[in-house]
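# Chains, contacts and geometry: an overview
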Amino acid sequence: MSDHPFSRDEAQSGAVVHGGNLHEAASRYGIPYGEWLDLSTGINPHGYPVPPVPADAWRRLPDEGDGFAACAARYYGAPDVAHVLPVAGSQAAIRVLPALLPRATVGIAPLTYSEYAPAFERAGHRVVPLDIRCDELPDAITHVAVVNPNNPTAEHVSADTLLQWHAQLSARGGSLLVDEAFADALPGGSLAAHTHRAGLIVLRSPGKFFGLAGVRAGFVLAAPSLLDSLRQMLGAWTVSGPARHAVKAALDDTAWQADMRLRLDSDSARLVGLLNAHGLVTHSTPLFAWTRDARAPALHDALARHAIWTRLFAASGSVRFGLPASEAEWTRFETSLNLCMNHSL
């Protein structure tokens, strides 16, 4: 078991809670589902415009010879296609990978994506808190799982530091798992090109930057021997034909990617500006902003009463905001934020 309470106070009956749980919000606040503005995830609200799905994608079993993994290898900059395994979303890999690593002590940030600590604990590892601002890892830690940039705190660990960590862990017979779910909007710091190194595992997902969370597709980048073991555990046809079609189109569309990075930079600056104007000190990625503030629980509740759903992290007294999708949504959020901050808190 872990040595301290990771940020799981939002969980109910031991379940891990995620953003996007609008049905729960609608039930709790008595506001119909369709009236909500969902800012509780870090998913790009300007999702990739998927082209029509060919009929064969529905009729045929997924074919590993369709170039899907090779497309991902090019986009992410992996050493070659042998270092890429498509999976049914990063979540599928997070659940299985801990069982493939020697049982040991795993360092995980106290406030990060909440699936990691329980996944490693279920596989028999000992989970301890890790300060991701460190240069030298504690001697007791054999494996590290880090989200980079971190969700929800937006902290970013440099590639040089991560490679130093990997060298330290490798010398101990350990592994470094880097979840780059939010890295697409911040190109340049990925470790994908280094995944020929034993014990270095990178997870990538089209769900956040491309706004394709519903396709449930992702990629594990690692040494071929580890990917072979993972493939055996996950089985065949992990990513559906329609999902492969959608994701391949998105990964190949470099013009859309360049335009979207500029748009997200602008939207992120706008979101941070709105929050800062009310004295909320924020940390951000292009896809979300996060603030730790004594008013966070009250603000989350007040916005919910206006049918605006944010992601509360009650144990840390913090809240995360995603991006509105349209000018009407921006206006609604700004108006509600002003009312809540000026009158409710």
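Structure shown above.
The shown structure was predicted, so the numbers you read here are calculated from the model rather than taken from an experiment.

This part takes up the overall build of the chain. Counting its regular elements, the chain contains eleven helices and 13 strands. Against the 2.2 N^0.38 benchmark of 20 Å for 345 residues, the chain shows a C-alpha radius of gyration of 20 Å, consistent with a compact globule. By principal-axis analysis of the C-alpha atoms, the chain measures approximately 60 × 55 × 35 Å. Counting over 345 residues, the chain shows a buried share of 54%.

What follows is about the nonpolar core. Counting residues in each nonpolar core, the largest one holds 72 residues, and the members touching the most others are Val144, Trp165, Leu176, Phe210, Phe219, Leu251 and Phe333. Here Leu251 is in contact with Cys71, Ala72, Tyr75, Tyr76, Phe210, Phe219 and Gln257, once residues within four sequence places are set aside. Grouped together as the second largest cluster of nonpolar side chains are 24 residues, Leu85, Val87, Phe120 and Val147 included.

Before going further, it helps to examine the sheet that holds strand β12 (residues 311–313). A sheet is described by the order of its strands in space; here four strands give the open sequence β9-β10-β13-β12, paired in antiparallel fashion. At either end of the open sheet lies a strand with only one pairing partner, and these are β9 (282–285) and β12. Ignoring strand direction, the axes of neighbouring strands in this sheet form an average angle of 20 degrees. Against the sheet, helix α9 (residues 254–276) touches β9, β10 (288–292) and β13 (318–321), its axis set at about 170 degrees to β9.

Remark: helix α4 (residues 90–100) packs on helix α7 (residues 224–234), axes separated minimally by 10 Å, with the N-to-C direction vectors making an angle of 115 degrees. Between α4 and α7 lies a crossing of right-handed hand. Residues Ala92, Val96, Leu97 and Leu100 of α4 form the contact with α7, whose participating residues are Leu226, Ser229, Leu230, Met233 and Leu234. Here the residues of the contact of α4 with α7 are counted per class, giving eight nonpolar, one polar and no charged.

All right, on to helix α8 (residues 241–252) then. Its twelve residues place the ends of α8 17 Å apart at the C-alpha level, agreeing with the 16 Å of an ideal helix rising 1.5 Å per residue. Of all twelve residues making up α8, nine are buried, and the element is well covered by its neighbours. Among all positions in α8, only Gly241, Pro242, Ala243, Arg244, Ala246, Val247, Ala249, Ala250 and Leu251 are buried. Buried residues belonging to α8 abut α2 (55–59), α3 (68–76), β8 (218–221) and α9. Among the residues of α8, the N-terminal cap falls to Ser240, whose side-chain oxygen and the backbone nitrogen of Ala243 are separated by 3.2 Å.

Another point: the pairing of β9. Side chains on a regular strand alternate between the two faces of the sheet. Where β9 and β10 come together, four bridges link them in antiparallel fashion. Within the sheet, the bridge partner assigned to Thr285 lies in β10 and is Phe288. Here β9 hands over to β10 after two residues, the two strands then running antiparallel side by side.

What follows concerns the packing of aromatic side chains. Counting across every chain of the model gives 14 aromatic pairs. Pairing Phe68 with Phe219 gives two aromatic rings, centres 5.3 Å apart and planes at 45 degrees, and the pair type is tilted. Here the residue Phe68 occupies a position in helix α3, and Phe219 occupies one in strand β8, the gap between them amounting to 151 residues. Ring geometry for Phe182 and Phe288: centres 5.1 Å apart, planes at 80 degrees, overall edge-to-face. Within this pair, whereas Phe182 is found in the loop between β6 (176–179) and β7 (200–204), its partner Phe288 is found in strand β10, the two being separated by 106 residues in sequence.

Put simply, Asn148 and Pro149 share a cis peptide bond, and its omega is 0 degrees. As for its placement among the helices and strands, Pro149 is situated in the loop between β5 (143–147) and α6 (159–171). With an omega dihedral of 20 degrees, the bond running from Asn151 to Pro152 counts as a cis peptide bond. Examined against the element boundaries, Pro152 turns out to sit in the loop between β5 and α6. For Arg216, which is not a glycine, the phi torsion comes out positive at approximately 50 degrees. Mapped onto the fold, Arg216 is located in the loop between β7 and β8. We classify Arg216 as partly exposed; its relative accessible area is 43%.

As for its position among the elements, His278 is in the loop between α9 and β9. One polar contact links His278 to Asn338, side chain to side chain, over a distance of 2.7 Å. If near-sequence neighbours (up to four positions away) are discounted, His278 is found in contact with Arg295, Leu337, Asn338, Met341 and Asn342.

Quick look at the environment of Ile308 now. Structurally, Ile308 can be placed in strand β11 (residues 308–309). Taking relative accessible area as the criterion, Ile308 reaches 0% and is therefore assigned buried. Ile308 sits 29 residues away from Leu337 along the chain, and the two C-alpha atoms are 9.5 Å apart. The residues touching Ile308, leaving out its near neighbours within four places in the chain, are Trp36, Leu37, Leu39, Leu303, Arg332, Phe333 and Ser336.

Conventions and cut-offs
- Residues numbered from 1 in each chain as written.
- Predicted model: local features only at pLDDT ≥ 70, side-chain atom pairs only at ≥ 80, totals over all residues.
- Heavy atoms only, no water.
- Helix = DSSP H or I, 4+ residues; strand = E, 2+ residues; numbered from the N terminus.
- Rg over C-alpha atoms; globule rule 2.2 N^0.38 Å.
- Buried < 20%, exposed > 50% of the residue type's maximum accessible area, 1.4 Å probe, protein only.
- Core = buried A, V, L, I, M, F, W, Y, C linked by side-chain atoms within 4.5 Å.
- Contact = heavy atoms within 4.5 Å.
- Pairing = 2+ DSSP bridges.
- Axes fitted to C-alpha atoms, helices over the stretch in contact; angles between N-to-C directions.
- Left-handed = near helix turned anticlockwise from the far one by under 90°.
- Nonpolar A, V, L, I, M, F, W, Y, C, P; charged D, E, K, R; others polar.
- Expected span 1.5 Å × (residues − 1).
- Polar contact = N/O pair within 3.5 Å; in protein donor to acceptor, adjacent residues only side chain to side chain.
- Phe/Tyr/Trp six-rings, centres within 6.5 Å; stacked < 30°, edge-to-face > 60°.

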